[in-house]
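Below are the chains, spelled out letter by letter.
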There are 4 protein chains.
Amino acid sequence: MSDDPTPQEVAEKAAEAMLAADAATRGLGMSVDAIGPGYAKLSMTVRDDMLNGHKTCHGGFLFALADSAFAFGCNAYNKVTVAQGCEIDYLRPGRLNDRLTAECREQALEGRSGVYDVRITNQDGATVALFRGKSRRIKGVIVPGLTPDAEE
Amino acid sequence: MSDDPTPQEVAEKAAEAMLAADAATRGLGMSVDAIGPGYAKLSMTVRDDMLNGHKTCHGGFLFALADSAFAFGCNAYNKVTVAQGCEIDYLRPGRLNDRLTAECREQALEGRSGVYDVRITNQDGATVALFRGKSRRIKGVIVPGLTPDAEE
Amino acid sequence: MSDDPTPQEVAEKAAEAMLAADAATRGLGMSVDAIGPGYAKLSMTVRDDMLNGHKTCHGGFLFALADSAFAFGCNAYNKVTVAQGCEIDYLRPGRLNDRLTAECREQALEGRSGVYDVRITNQDGATVALFRGKSRRIKGVIVPGLTPDAEE
Amino acid sequence: MSDDPTPQEVAEKAAEAMLAADAATRGLGMSVDAIGPGYAKLSMTVRDDMLNGHKTCHGGFLFALADSAFAFGCNAYNKVTVAQGCEIDYLRPGRLNDRLTAECREQALEGRSGVYDVRITNQDGATVALFRGKSRRIKGVIVPGLTPDAEE
């Protein structure tokens with residue numbers, strides 16, 4: 001192919017490669033519903049093995065959904081990017097069989113550091129949790145040959 | 001038994017009941033290694049279904065381990081307590097087969113609100129992540145009859 | 001006046017009363033540039049007494065600007081609302097004489113608990129910091145008689 | 001002096017130089033009560049120009065106190081270190097004339113990244129706020145000639 005891929009094509013190919021390599025995201029039954037530069041939307045159904053002692057979705061699985069959306073969003077430039085830290089605030093519980101959607105939007109990207117916000121909503125559109133992730137780009141690319149190798 | 005249980009006995013019975021009811025914590029293979037008032041130590045082995053595309057432990061599972069330690073620690077008074085929000089900072093990756101330990105310590109408990117810190121270390125004692133959880137006590141008890149019912 | 005004030009009028013009157021009572025916000029030279037239900041925009045110039053040893057704006061003053069925007073935003077319903085916790089991420093330094101603007105937007109309001117995001121930008125429109133505040137409504141109103149007293 | 005300074009001597013000299021250069025910390029009336037490698041204790045009295053509309057200490061000044069303790073603690077190795085992000089949780093209000101003490105302890109230091117916790121207490125020893133700061137070491141030293149120049 002003689003033409004450089006568009007940012008949208010880069011994001012799609014990076015997401016495809018990431019999902020193929022990511023046993024955790026697949027094992028939790030997540031689907032990647034939309035992807036773009038700095039953007040991702042993933043969804044997941046709350047299974048009974050995700051319930052805690054209060055019979056609501058264990059925070060770890062809400063977090064995992066948001067964290068995957070964050071990872072797909074911040075790696076969508078095909079540059080390997082890792083989480084430095086994250087924060088989650090719970091607004092209402094996730095219940096058994098809820099279909100939860102996590103939408104990640106880039107808030108800032110300054111050099112190698114980025115801030116991404118994820119909102120988790122349920123099938124009624126109500127907000128279940130808000131998540132903020134801080135990313136840092138390291139060496140390497142997700143898909144070799146897709147974009148110029150990172151210079152450092 | 002005519003005597004009131006000690007705080008340590010309360011913590012142990014609350015933890016036992018929580019674990020029995022918590023499919024998520026059990027399903028992730030966590031063990032409760034120590035418990036006390038405002039304190040919990042849990043451990044978990046990184047399985048291959050917990051790996052992300054970077055072949056390190058998906059942040060959601062690190063978070064889940066810390067979050068469970070937090071839940072066991074802040075519910076150890078037998079008063080139902082939920083997470084309001086949490087924060088995690090990653091120091092080094094978790095690897096396949098790492099045995100991770102999360103130790104939760106109460107930092108503050110003021111009225112119904114608490115702050116708990118969790119440190120995740122690996123089998124070499126190196127810190128993998130630091131977690132801070134903010135809790136809020138709601139109505140109800142974990143084990144009925146174990147402690148006086150919450151007044152509200 | 002026989003008519004109930006609009007939400008916008010409530011927000012304006014609450015902000016006016018808050019500013020009059022808030023020595024800290026006035027003393028730091030902040031101006032309230034816009035206000036609305038769950039929304040506030042404040043600005044402040046970086047003075048030399050706000051510089052730290054790195055000759056950039058001390059984080060406390062960036063935080064104070066964001067925190068004031070958050071306070072004006074979450075109290076704009078005329079119901080007394082306090083901060084539970086906040087988080088700030090720094091993207092670029094504030095410099096002497098920079099005119100910094102903090103814009104607060106409500107992200108979620110669920111019962112008494114809210115989440116508000118504030119973005120601080122400089123005079124060039126570059127993002128200096130991102131702030132997330134968690135609020136909790138308590139008893140009381142800002143301006144008596146302006147809105148129905150809170151029920152609790 | 002022919003001998004290398006001890007880590008404690010380095011911390012003291014770095015703190016002295018930082019305070020001399022830090023108009024913000026001095027202007028807020030903070031005193032540096034103790035210093036050590038990765039450790040600092042600062043105190044400050046709540047003045048009337050620090051009060052918000054609720055007549056409690058504006059969160060920005062609580063944050064500034066914690067942030068200064070964090071800065072002194074993480075720069076005590078004489079390597080220039082900046083804040084990446086911080087989080088604060090409020091437990092009880094600061095009141096006019098309260099003497100607040102902020103004690104910073106290093107939680108982790110991994111390569112250039114560190115995590116520091118600060119507890120703010122009042123004159124009665126009650127916890128007012130808990131703060132967690134994330135640091136990153138950059139190029140340069142605080143006091144030239146005191147320690148080997150950072151290699152990068």
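Just above sits the structure.
These figures come from a predicted structure and were not determined experimentally.

Turning our attention to the overall build of chain A. Tallying secondary structure elements over chain A gives three helices and six strands in all. Counting helices and strands in the order they occur from the N terminus, chain A gives α-α-β-β-α-β-β-β-β. The C-alpha radius of gyration computed for chain A amounts to 16 Å, which stays within 12% of the reference 15 Å derived for 152 residues, consistent with globular compactness. Across its three principal directions, the C-alpha atoms of chain A cover 55 × 30 × 25 Å. Looking at chain A as a whole, 52% of its 152 residues qualify as buried. Counting contacts in chain A only where the partners sit at least 6 residues apart, residues at least 24 apart contribute 66% of the total.

On to the relation of the copies chain A and chain C. Relative to chain C, chain A is turned by 180 degrees and slid 0.0 Å along the rotation axis, the superposed coordinates differing by an RMSD of 0.0 Å. Viewed as a symmetry operation, the transformation between the two copies matches a two-fold axis. The overlap is high: 100% of the interface residues of chain A also sit at the interface in chain C, so the same surface is used on both sides.

Read from one edge of the open sheet, 12 strands run β1(A)-β2(A)-β4(A)-β5(A)-β6(A)-β3(A)-β3(B)-β6(B)-β5(B)-β4(B)-β2(B)-β1(B), paired in antiparallel fashion. A strand with exactly one partner marks an edge of an open sheet, and here the two such strands are β1 (31-36) of chain A together with β1 (31-36) of chain B. Within this sheet the neighbouring strands show an average axis-to-axis angle of 20 degrees, counted without direction.

Two numbers describe how helix α3 (residues 59-74) of chain A lies on helix α3 (residues 59-74) of chain B: the axes approach to 8 Å, and their chain directions differ by 155 degrees. By the criterion of interaxial angle, the relationship of α3(A) to α3(B) is roughly antiparallel. Remark: the crossing between α3(A) and α3(B) carries right-handed chirality. Judged by residue contacts, A:G59, A:G60, A:F61, A:F63, A:A64 and A:D67 of α3(A) engage B:G59, B:G60, B:F61, B:F63, B:A64 and B:D67 from α3(B).

Our focus in this paragraph is the interface of chain A and chain B. Chain A puts 31 residues into the contact, and the matching count from chain B is 31 residues. Of all the secondary structure elements, the ones that give two or more residues to the side of chain A that touches chain B are α1 (7-21), α2 (23-27), α3 and β3 (79-90) of chain A. In terms of residues, the side of chain A that touches chain B owes the most to one element, β3(A), which gives nine residues. Considering only residue class, the side of chain A that touches chain B consists of 15 nonpolar, 10 polar and six charged. Bridging between β3(A) and strand β3 (residues 79-90) of chain B involves five bridges; their strand directions are antiparallel. Looking at β3(B), one finds that A:C86 is bridged to B:I88.

All names here are of chain C. Despite not being glycine, N78 shows a phi value in the positive range, around 70 degrees. Position of N78 among the secondary structure elements: in the loop between α3 (59-74) and β3 (79-90). For N78, a count of 27 C-beta atoms within 10 Å corresponds to the buried category.

Moving on, we get to the sheet that holds strand β6 (residues 127-141) of chain D. Spatial ordering of the open sheet is given by β1(C)-β2(C)-β4(C)-β5(C)-β6(C)-β3(C)-β3(D)-β6(D)-β5(D)-β4(D)-β2(D)-β1(D), a layout of 12 strands whose pairing is antiparallel. Each of the sheet's edge strands pairs with one partner strand only, and the pair in question is β1 (31-36) of chain C together with β1 (31-36) of chain D. Each neighbouring strand pair of the sheet contributes to a mean axis angle of 20 degrees, computed without reference to strand direction. Where strand β3 (residues 79-90) of chain D lies against β6(D), 10 bridges are found, and the strand directions are antiparallel. Directly across from D:V82, in β6(D), lies its bridge partner D:R136.

Bringing the pairing of strand β5 (residues 113-121) of chain B into the picture now. All names here are of chain B. Summarising burial for β5: seven of the nine residues are buried, a large majority. The pairing of strand β4 (residues 99-110) with β5 spans nine bridges and is classified as antiparallel. Paired with R105 across the bridge in β5 is D117. Counted along the chain from β5 to the antiparallel partner strand β6 (residues 127-141), the turn is five residues long, and its residue G125 has a positive phi close to 85 degrees.

Take the relation of the copies chain A and chain B next. Between chain A and chain B, the superposition needs a rotation of 180 degrees and an axial shift of 0.0 Å, giving an RMSD of 0.0 Å. Comparing interface residues between copies, 100% of those in chain A also sit at the interface in chain B, which points to an isologous, same-surface contact.

Residues and elements named next belong to chain B. Tracing the backbone shows V118 in strand β5. Residue classification places V118 among the buried residues on the basis of 26 C-beta atoms within 10 Å. Taking the C-alpha atoms as reference points, V118 and A129, 11 residues apart in sequence, are found 8.3 Å from one another.

How each quantity is defined
- Residues numbered from 1 in each chain as written.
- Chains lettered and ligands numbered in written order.
- Predicted model: local features only at pLDDT ≥ 70, side-chain atom pairs only at ≥ 80, totals over all residues.
- Helix = DSSP H or I, 4+ residues; strand = E, 2+ residues; numbered from the N terminus.
- Rg over C-alpha atoms; globule rule 2.2 N^0.38 Å.
- Buried ≥ 20, exposed ≤ 12 C-beta atoms within 10 Å, placed from the backbone.
- Contact = placed C-beta atoms within 7 Å.
- Least-squares fit on C-alpha atoms with pLDDT ≥ 70 in both.
- Pairing = 2+ DSSP bridges.
- Axes fitted to C-alpha atoms, helices over the stretch in contact; angles between N-to-C directions.
- Parallel < 35°, antiparallel > 145°, perpendicular 65-115°, else oblique.
- Left-handed = near helix turned anticlockwise from the far one by under 90°.
- Nonpolar A, V, L, I, M, F, W, Y, C, P; charged D, E, K, R; others polar.

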